[in-house]
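Breakdown of the fold
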Amino acid sequence: MNRTLRFLLALLAGLAGLTFVGAAVVQKTTRQWFDEDIALRVRLVATGAGSALLQRWTSQDRVSLEQLLSDIARDERIMAAAACGPDATLVAQTPTFPADLTCLHISERMRAAAGHEVKAVGTPWGMVWELPGGDVQVSAVPMARGDQSVGFLVLVHDLSFIERREAKTRKFVILGFGILAVAASLITVVAARLSRRGFRTELRRFILGKSKDKEFLPIVRDVRELVDRIAAEREMDGQGGAWSPQRLKQTLVRHFPGEKVVVLANREPYIHQRQPDGTIKVMHPASGLVTAVEPVLRACSGVWVAHGSGSADRDVVDQNDHIRVPPGEESYDLRRVWLTPDEERGYYYGLANEGLWPLCHLAHARPIFRSEDWATYQAVNRRFADAVCKESSGDDPVVLVQDYHFALAPRFIRERLPRAVIITFWHIPWPNSERFGIFPWRAEILEGLLGSSIVGFHTQLHCNNFVDSVDRYLEARIDREAMAVIQRGRPALVRAYPISLEWPCQWVTSAPPVAECRKSVFAELGLKPDALLGVGVDRLDYTKGIEERMMAVERMLDRHPAYRGRFSFVQLAAPSRSVIERYQQLDEAVEKLTARINAKFGSEGYRPIILLRAHHEPPTVFRYYRAADFCYVSSLHDGMNLVAKEFVAARDDEAGVLLLSQFAGAARELPESLIVNPYNVDEASAAMVRALTMSAEDQCGRMHAMRAFLAEFNVYRWAGRMLMDAARIRRRATVLGHLDDDIMRLASVPRFRPS
Ligand code: F6P
């Protein structure tokens, strides 16, 4: 062992001891802070909600007092709350209040602790209480109206939260000291070496991890990994709390100060349609992409570049083809790009929806590739890319390119704005490389996408398929460990970012109560009050398995005659891409199938399948979700499918069952749904029966778990993770770029080395 290593070991041992002592001290201090934090929170509740509490308390309005207590207990750290009278009787409590705690017990302990003196009004008292399910912290605050005592307010705090925080703090302290230890060792050794060798040569070798001394390499790698991990962990969980519009905005401002967000998507979030009476109506398109990305732009502001497809779109824009949206909120710009009918035919209907769409979905539709469509697709991609560059105020905007309509745009944008952060998200599946290989312009599509800083997919499988396609059809270096493709020294990361919804969802917060929804939907559909209802919500698209879904309803009614006359399935089907022949065939097939099943089981006033073939605005769609006993998402192949997530979001009553195709990306995230193979009609019909007979507790347990997941993994997190990954790439590129200019001008090193 050489001298350097011996010295390092001694130094590391010393610092490890220091870490141990440091962690203990920090833990004690943080515990003290948390106790103070609890006392402060109790005081804040007692003063902040004091007058509202007292008013409800003294007016004996138990229901609204309970409501207010439940509102107080919404704080992540407050488990339950109760109001106790002056004689220690219970006045009101939240449903979560532990059964083993009573006002009398608390009053006795409070008096004993204070030497039989009751604490002064507003002064909190507290202690850790042992309960069978685990310890909690109980706080009590005496309350009075004027001189008259009304009793005391009890707050029960979740101690597991503190323990979690302590564990996290401990982890950070240990990691922090760890880094310090490694850094100190490193600096010492580097300093020693610098004194012996030329400063420039050594610094360059050190930063690039190219030192000849083997002992440096693991240390440099470890430091880099530790720093990255801590930065990612801090940002992803500990530090920021739940992902919200505010947190997303802060992330954007912190990492990309002053830079503008430009979304490029074919579909516009608001469509202005001229009505037969001459008025203009604003429509929300049936599009998962819009559902997800619109809240992101509302949070970040910026501009959305899209095809202006509405009949009154041109009438409402300014001279730059801009309009502020959303109507009434006006938080960002919508920039409309106009297409001629020929352009729309070649680019949208032709290449995108007759070529790429069936290529990427395993749904047995034959892709059609026409060279005229390809030429139009290239030209239209260039036009949209130009529009994006025009909308970007600086030379390094953050551009979010959406979907298969714009596979070439990232490269075109990169050519004009080399410093742009381009995050491209592919909303549909990516096929395996063999299937992708049939696409005549496969290399061009891959080259186009690799103009991005990040190419995102919903699942890891689609990332793998994409990287395999690059491997097979392009000359590029692939770093499978970092999931990056490096071309001409510039990397494009390939990452899975499962898309999600805004949370809370605006259409749920504004929806009528569930019972009211059920009543109005049943009345609209002419159903009896005791009827059972399943719902499906889709664009009329052959990938959605609408025929398979109806066949499953038929099989259920065949096998379970008791449901005839009682069960109906309502399908909200938004007409889509109806210029394309395959979509016209589907439309006809669905109508015929509906008629056949209705003729077989229907009767006067009873339709087993109710097909509503029309565009429905979100308030109606959410009313139907809330009215139904189950929702069936039967995609034959789907990137994610946000209908599944919307149904879960809609059910704030924690009732209803989700039946979900195993071929939709959402099935990986919502395992509490009933997962089915939509091609297996027997299995799907059995799942329908299971949904209709599922106990309320089982429904509630499943819904609760799925809702908790969606609340955490919402669309702000989806966008935030992409931004943070992009920021990391830019930071590294910048650091190495500076070194390049400043120190290593003559060194032949790549401009960027992925980690
Ligand atoms: O990712 C698929 C998608 O682009 C989603 O936006 C949406 O589900 C659907 O296709 C919308 O289709 P279109 O914009 O052609 O109506």
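These remarks concern the structure in this document.

Parameters and conventions
- Residues numbered from 1 in each chain as written.
- Predicted model: local features only at pLDDT ≥ 70, side-chain atom pairs only at ≥ 80, totals over all residues.
- Heavy atoms only, no water.
- Phe/Tyr/Trp six-rings, centres within 6.5 Å; stacked < 30°, edge-to-face > 60°.
- Helix = DSSP H or I, 4+ residues; strand = E, 2+ residues; numbered from the N terminus.
- Buried < 20%, exposed > 50% of the residue type's maximum accessible area, 1.4 Å probe, protein only.
- Lys NZ or Arg CZ within 6 Å of the ring centre and 35° of its normal.
- Disulfide = S-S within 2.5 Å.
- Salt bridge = Lys/Arg side-chain N within 4 Å of Asp/Glu carboxyl O.
- Arc of directions from axis to C-beta.
- Contact = heavy atoms within 4.5 Å.
- Near = heavy atom within 4 Å.
- Polar contact = N/O pair within 3.5 Å; in protein donor to acceptor, adjacent residues only side chain to side chain.
- Areas by Shrake-Rupley, 256 points an atom, 1.4 Å probe, with all protein chains shown as cover.
- Nonpolar A, V, L, I, M, F, W, Y, C, P; charged D, E, K, R; others polar.

Remarks on the packing of aromatic side chains
- Considering all chains together, one arrives at 26 aromatic pairs under this definition.
- Where Trp 374 meets Tyr 377, the ring centres are 5.9 Å apart and the plane angle is 20 degrees; that geometry is what we call stacked. Of this pair, Trp 374 and Tyr 377 both sit in helix α12 (residues 371-391), three residues apart, roughly one helical turn.
- Taking relative accessible area as the criterion, Trp 374 reaches 6% and is therefore assigned buried.
- A residue is classified by how much of its surface remains accessible, and Tyr 377, at 0% relative accessible area, is buried.
- Measuring from centroid to centroid gives 5.4 Å for Phe 457 and Phe 466, while their planes differ by 45 degrees, and the two rings are tilted. As far as burial versus exposure is concerned, Phe 457 and Phe 466 are alike and both buried.
- Sitting above the plane of the Trp 129 ring, Arg 109 keeps its charged end 4.2 Å from the centroid.
- Across from the ring centre of Phe 412, 3.8 Å away, lies the NZ or CZ of Arg 382, which sits over that ring.

Overview of the state of the cysteines
- Taken as a whole, this structure holds one disulfide when the rule is applied.
- A disulfide bridge connects Cys 84 with Cys 103, and the sulfur atoms are separated by 2.1 Å. Between Cys 84 and Cys 103 the sulfur-sulfur dihedral comes to about -75 degrees; the bridge is accordingly left-handed. Note that Cys 84 is positioned in strand β1 (residues 78-84) and Cys 103 in helix α4 (residues 103-113), a separation of 19 residues in sequence.
- Relative accessible area serves as the criterion here: at 0%, Cys 84 is assigned to the buried category.

As for the pattern of salt bridges
- On inspection of all chains with the given rule, the structure shows 41 salt bridges.
- The partner of Arg 370 in a salt bridge is Glu 354, with the nearest N and O atoms 3.0 Å apart. Here the residue Arg 370 occupies a position in the loop between α11 (341-360) and α12, and Glu 354 occupies one in helix α11, the gap between them amounting to 16 residues.
- For Arg 370, a relative accessible area of 27% puts it in the partly exposed group.
- Glu 354 gets classed as buried once you look at its relative accessible area, which sits at 15%.
- We note a salt bridge from Asp 468 to Arg 480, for which the minimum N-O separation is 3.2 Å. Here Asp 468, found in helix α16 (residues 460-473), pairs with Arg 480, found in the loop between β15 (477-479) and β16 (484-487); they are twelve residues apart in sequence, far enough to count as distant.
- Accessibility expressed as a relative area gives 29% for Asp 468, which makes it partly exposed.
- With relative accessibility at 43%, the residue Arg 480 sits in the partly exposed group.

Points about α4
- Those residues of α4 lying buried are Cys 103, Ile 106, Ser 107 and Met 110. Looking straight down α4, one finds that the buried residues subtend no more than 100 degrees of arc, so they occupy a single side.
- At its buried positions, α4 is contacted by β1, β2 (90-93), β3 (125-129), β4 (136-145) and β5 (148-158).

Overview of the side chain of Glu 669
- Mapped onto the fold, Glu 669 is located in the loop between β22 (657-661) and β23 (674-676).
- Setting aside anything within four residues of it in sequence, one finds Glu 669 in contact with Pro 498, Ile 499, Met 640, Lys 645 and Phe 709.

As for the site of the ligand
- With respect to spatial proximity, 13 residues lie near the ligand, and among them Ser 287, Leu 289, Tyr 348, Asp 403 and Arg 577 are the closest.
- Asp 403 has a polar side-chain atom sitting 2.7 Å from an oxygen atom of the ligand.
- Between an oxygen atom of the ligand and a side-chain N or O atom of Arg 577, the distance comes to 2.9 Å.
- In isolation the ligand has 380 Å² of accessible area, and contact with the protein removes 89% of it.
- Breaking the shell around the ligand down by element, the ones donating at least two residues are α9 (288-300) and α11.
- Considering only residue class, the shell around the ligand consists of five nonpolar, four polar and four charged.

Quick look at the environment of Ile 610
- Counting through the fold element by element, Ile 610 comes out in strand β20 (residues 609-613).
- Accessibility expressed as a relative area gives 1% for Ile 610, which makes it buried.
- Spatially, the C-alpha atom of Ile 610 lies 7.8 Å from that of Thr 594, the residues being 16 residues apart in sequence.
- Setting aside its immediate chain neighbours within four residues, Ile 610 contacts Leu 525, Leu 527, Ser 568, Phe 569, Val 570 and Gln 571.

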